[in-house]
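Residues per chain, in single letters:
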Amino acid sequence: GRSKIYGMRLSFFLYYVAACGDAFFVVPQSAHCTGRPHVAVTPTLMVVSKGELVDAIAARAGVSKKMAGAVLTSALDVIVESVANGDKVSLVGFGTFDSKERAAREGRNPRTGDKMHISATVVPTFSFGKGFKDTCKKAYAESAQVSQLNGDTSPI
């Protein structure tokens, strides 16, 4: 049989994949299974595209995909503009977008080994919020319990 998402709504699944990079799939039972569904955690990184994120937002908020896309694009634009202007954007429970100055330094050309000057620059940063971290920890703990029930040695 085909693998399919088991027991999760698409919106939660997309949120979980975006947050932690893991996904649960029910795989077909094989001869060595004990009769209960075997849930495996895939170690491959899954990427949620902007379109899939828009679809999940539209479904959860009960708005059109066009409206969800416009809101997501606008929110991202405001965050980028704010950070580029030197402001900090804090979303409680999710995280904080900020910028950080990197001082000028001396580096080496990896090809030739010659010393070279690296100019000072400003780079964007992101710090995960407590709610975000707690959600990932909880999902990891649940996957570890499922893995132990299935006899797997590692949850990831």
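For the structure, see preceding data.
Note that the coordinates shown come from a computational prediction; the quantities given were computed from them, not determined experimentally.

All right, on to the pairing of strand β4 (residues 95-102) then. Pairing analysis gives three bridges linking strand β3 (residues 89-91) to β4, with the strands arranged antiparallel. The residue of β4 that forms the bridge with Leu91 is Gly95. What sits between the antiparallel neighbours β3 and β4 is a turn of three residues, in which Gly93 has the positive phi angle 90°. Here β4 runs beside strand β7 (residues 121-128); their pairing, made up of eight bridges, is antiparallel. Bridging across to β7, Glu101 finds its partner in Val122.

Glancing now at the pattern of salt bridges. Taken as a whole and judged by the stated rule, the model has three salt bridges. Between Asp55 and Lys65 there is a salt bridge, and its shortest N-O distance comes to 3.5 Å. Of the two residues, Asp55 is situated in helix α2 (residues 50-61) and Lys65 in helix α3 (residues 65-84); the sequence distance between them amounts to 10 residues. For the salt bridge of Glu106 with Lys115, the shortest nitrogen-to-oxygen distance reads 3.7 Å. Of the two residues, Glu106 and Lys115, neither departs from the other in class, the shared state being exposed.

Rules used in this analysis
- For every chain, the first residue of the written sequence is number 1, and numbering continues from 1 onward in sequence order.
- Given that the model is predicted, a residue must reach a pLDDT of at least 70 before its local features are reported, and side-chain atom pairs must reach 80 or more before they are shown or counted; all residues, however, enter totals for whole chains, interfaces and linings.
- Note: side-chain values were computed over all heavy atoms of the structure, leaving out hydrogens and water.
- Strand pairing is defined by DSSP finding a minimum of two bridges between the two strands.
- Numbered from the N terminus, helices here are DSSP runs of H or I no shorter than four residues, and strands are runs of E no shorter than two.
- A carboxyl oxygen of Asp or Glu within 4 Å of a side-chain nitrogen of Lys or Arg is what we treat as a salt bridge.
- Each residue's exposure class comes from its accessible area (1.4 Å probe, protein chains only) as a fraction of the maximum for that residue type: buried when under 20%, exposed when over 50%, partly exposed otherwise.

What is shown is where atoms sit, not what they do.
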